[in-house]
Amino acid sequence: MMTMTMITRAIRTSSPPSGMWTFDTLDEALSSFNRMLRMNPLPSIVDFAELLTSISKTKHYSTVLSLSLQMDSFGIPPNIYTLTILINSFCHLNRVDFAFSVLAKILKLGHQPNTATFTALIRGLCVEGKIGDALHLFDKMVSKGFQPNVVTYGTLTDGLCKVGNTSGAIRLLRSMEQGNCQPNVVVYTSIIDSLCKDKQLIEALNLFSEMLAKGISPNIFTYNSIIQALCSLCEWKHVRTLLNEMVNSKIMPDVVTFTAMVDALCKEGMVAEAHDVVDTMIEKGVEPDVVIYSTLMDGHCLRSEMDEAVKVFDVMVRRGCVPNLYSYNILINGYCKIRRMDKAMFLLKEMCQQGLLPNTVTYSTLIHGLCLVGRLSDAIPLFHEMVASGQIPDLVTYSILLDYLCKNCHLAEAVAMLKAIEGSNMDPNIQIYTIVIDGMCKAGELEAARDIFSNLSSKGLHPNTWTYNTMIHGLCKRGLLDEANKLFMEMDENDCSPNDCTYNIISRGFLQNKEMLRAVQLLEEMLARGFSVDVSTTKLLAEMLSDDRLDQSVKQILHNFLK
């Protein structure tokens, strides 16, 4: 007669050394579970725990929870291992609250939580961004006499790094070294990656050297983090050194490595070198993906090399790499920048035929391109098409349209659009209001501009330098110099320092209104602050110097500002 151990072993598809179950499909796992439930007597809880662990490794966490409920209904008593598996599953499903309920159940049943139990809970808290709670639980775990292992430390280190607390992660590393648990490559890589993202490359390289000195071999993730940081700083010599180290360590660069290099080269305008990297990549048997091809296309678009960008697009398609929305958006943006709106609009039609739905970026880019070539009458219908298709315009889209409506004397439409934005779920930013204020000032609607400006604080907004410059210019045009000067004086008080444009605008206002004393004071102050007289002010000064009616002593003073 077969023993229970022989029966349970017989229904496993294989028995690897770890004792874990392996399955080709989830259905196979469920079939095995159902067969186990039909056995009499039932298999041991250890067998069920192994089965649940195997399913959990395939990330079918909801299935694990469902099977656990079935086990309860069959009266199979859980143990610390099955309950820890439940905690882990809840945490992966972002239900750390339910995970803590399982912890309460563990204590109620008289089971003793183990390191794996606490590590799963710490991971769940970290995933939800509750790093303070995770640290508290870690301290509580240690105070209760539980020894954190390298996985616990690695989990907490990663959590600290992800919320930007790299210094806290380093302190945890040092604490780890002082205890009985030595850091591994995962712990070091998390911190190195975080340091690189914080642009602390020297510190990252020092930690990398420390890791090597301890005999801990870096993995592909370690190298990629440092290579990406080096590429962003154009440290190509160090990149080559690190690539050679990788290859010598039998670690081959992957698509992430090559993407970092291609992206950095393209941003520096070194597109030919980026092509060389892609060629090397293909020679090494690493197939470029849509991100790499799109990055190459963007590199050519930045140089207005649209024919070359299209060639890359065609190569991508020929090699069986399907273009995505990002790829089309890059080409559309490239054509819009060189004002080839016929090509850009054709690509919009093509991408729709390919089943790709344009997004807010697509529409905003096209609307901006149409406005740029003076086709406001085409931009407005495209905006309405965007809204009708379910794409919600963002503040960038609105600012583009508002700017061109104001510049083309469609102030009523601009004001109506501003009211529509205010009535939506969006909060207009200072840029939106400044565009409208500028349009009103230029259209002679100074009172309306003044009303919007004076109400900014009630909307929780503060004028920036551009806003002040716009209002000061409008007031100067109307000859309201006292009010303009009052705004000018307010700028420093409101932590918004005047710039060269501010000084030139207000100086011209006083010059044009023959307020020479104040104009000279402003011009002298402007030069003392290191600003220069701009073209418009220079032209005005030249005109005033040629005016025979102007007093010679005043001319002599003004002449000094043209030197």
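Check the entry above for the structure.
Residues numbered from 1 in each chain as written. Predicted model: local features only at pLDDT ≥ 70, side-chain atom pairs only at ≥ 80, totals over all residues. Heavy atoms only, no water.

## As for the overall build of the protein chain
As a reminder, the rule being used: Note on conventions: DSSP H or I runs of at least 4 residues are helices, E runs of at least 2 residues are strands, and numbering of each starts at the N terminus. It is over C-alpha atoms that the radius of gyration is taken, and the globule rule equals 2.2 Å times the number of residues to the power 0.38. A 1.4 Å probe rolled over the protein chains alone gives each residue an accessible area, and that area as a share of the maximum for its type sets the label: buried under 20%, exposed over 50%, partly exposed in between. Only the protein chains shown count as cover for residues, with accessible areas throughout obtained via the Shrake-Rupley method and a probe of 1.4 Å.
Along its length, the protein chain carries 32 helices and zero strands. Over its C-alpha atoms the protein chain spans a radius of gyration of 33 Å, topping by over 25% the 24 Å that the globule rule assigns to 563 residues. Overall, the protein chain is about 125 × 60 × 50 Å in size when its C-alpha atoms are taken along their principal axes. Of all 563 residues assigned to the protein chain, the portion counted as buried reaches 47%. Entry remark: accessible area of the protein chain is about 28,900 Å², with carbon and sulfur atoms responsible for 54%.

## Digging into the environment of G460
Inspection of the secondary structure assignment puts G460 in the loop between α26 (446-454) and α27 (465-477). Residue G460 is classed as exposed on the basis of its relative accessible area, which comes to 55%. The sequence separation of G460 and C301 amounts to 159 residues, and the corresponding C-alpha distance is 39 Å.

## Describing the pattern of salt bridges
Quick reminder of the rule: Take a side-chain nitrogen of Lys or Arg and a carboxyl oxygen of Asp or Glu: if they are within 4 Å of each other, that pair is a salt bridge.
Within the structure shown, the criterion is met by 22 salt bridges. When the shortest N-O distance is used, the salt bridge between D378 and R375 registers 2.8 Å. The shortest N-O distance in the salt bridge between D534 and R508 comes to 3.3 Å. One end of the pair, D534, is in the loop between α30 (516-528) and α31 (535-545); the other, R508, is in helix α29 (residues 500-512), and 26 residues separate them in sequence.

## Quick word on the nonpolar core
Proteins that are soluble and globular tend to have nonpolar side chains buried together. Heads up, the rule is: To define a nonpolar core, start from buried Ala, Val, Leu, Ile, Met, Phe, Trp, Tyr and Cys residues and group those joined through side-chain atoms within 4.5 Å. Contacts: residue pairs with any heavy atoms within 4.5 Å of one another.
The biggest cluster of nonpolar side chains holds 164 residues, and the ones touching the most others in it are I87, I227, I367, M471, I472, L511 and L558. In terms of residue count, helix α25 (residues 430-442) provides more of this core than any other element does, eight residues in total. Those residues in contact with I87 that sit more than four places away from it in its chain are A99, V102, L103, I106, T117, A120 and L121. Grouped together as the second largest cluster of nonpolar side chains are 15 residues, M36, L37, I76 and I85 included.

## Looking at the packing of helix α7 (residues 115-127) against helix α9 (residues 150-162)
Let me state the cut-off plainly: Interaxial angle, 0 to 180 degrees, is taken between N-to-C directions of lines fitted to C-alpha atoms, where a helix line uses only the stretch in contact. Orientation labels follow simple angle bins: below 35 degrees gives roughly parallel, above 145 gives roughly antiparallel, 65 to 115 gives roughly perpendicular, and whatever is left gives oblique. All residues other than Ala, Val, Leu, Ile, Met, Phe, Trp, Tyr, Cys, Pro, Asp, Glu, Lys and Arg, Gly among them, are scored as polar; the first ten of these are nonpolar and the last four charged.
Between α7 and α9, whose axes approach to 9 Å, the crossing angle comes to 10°. The angle between the axes of α7 and α9 places the two elements in the roughly parallel class. Across the interface between the two elements, T115, T119, I122, R123 and C126 from α7 touch V151, T152, T155, L156 and G159 from α9. Of the residues assigned to the contact of α7 with α9, the class counts are four nonpolar, five polar and one charged.

## A few points about the packing of aromatic side chains
Put simply, the rule is: Pairing of aromatic rings covers Phe, Tyr and the six-membered ring of Trp, with a centre-to-centre limit of 6.5 Å; geometry is then stacked below 30 degrees between planes, edge-to-face above 60, and tilted otherwise. The rule is short: NZ of Lys or CZ of Arg within 6 Å of the ring centre and within 35 degrees of the ring normal puts a charge over the ring.
By the definition in use, this model includes ten aromatic pairs. Ring plane angle 65° and centroid distance 5.5 Å describe the contact between F138 and Y153, whose orientation is recorded as edge-to-face. Taken together, the residues span a long stretch of sequence, with F138 in helix α8 (residues 131-143) and Y153 in helix α9 at a distance of 15 residues. The buried category is assigned to F138, whose relative accessible area is 7%. Take Y153: its relative accessible area is 9%, and that puts it in the buried class. Ring centres of F453 and Y468 lie 5.7 Å apart, and the angle between their planes is 70°; on these two criteria the pair is classed as edge-to-face. With F453 in helix α26 and Y468 in helix α27, this residue pair connects regions lying 15 residues apart in the sequence. Within the aromatic cluster, the residues linked to one another by ring pairs are F488, Y503 and F531. Over the ring of F98 we find R95, and its NZ or CZ is 4.1 Å from the ring centre.

## Here we look at α30
The cut-off we apply is this: By this rule, a helix spans an expected 1.5 Å times one less than how many residues it contains.
Over its 13 residues, α30 extends 18 Å from the first C-alpha to the last, a length consistent with the 18 Å expected when each residue adds 1.5 Å. Restricting attention to buried positions, one finds in α30 the residues M516, R518, A519, V520, L522, L523 and M526. Elements that come into contact with the buried residues of α30 comprise α28 (481-493), α29, α31 and α32 (552-559). Following α30 by one or two positions, G530 has its phi on the positive side, about 90°.

## Details of the side chain of N329
The line we're drawing: Polar contact is the term for a pair of N or O atoms within 3.5 Å; when the atoms are in protein, one must be able to donate a hydrogen and the other to accept it, and sequence-neighboring residues count only if both atoms are side-chain atoms.
Assignment of secondary structure puts N329 in helix α19 (residues 325-337). Given a relative accessible area of 11%, N329 falls into the buried group. For N329, the side chain forms a polar contact with the side chain of T362, separated by 2.6 Å. Sequence-distant contacts of N329, defined by excluding residues within four places in its chain, comprise N359, V361 and T362.

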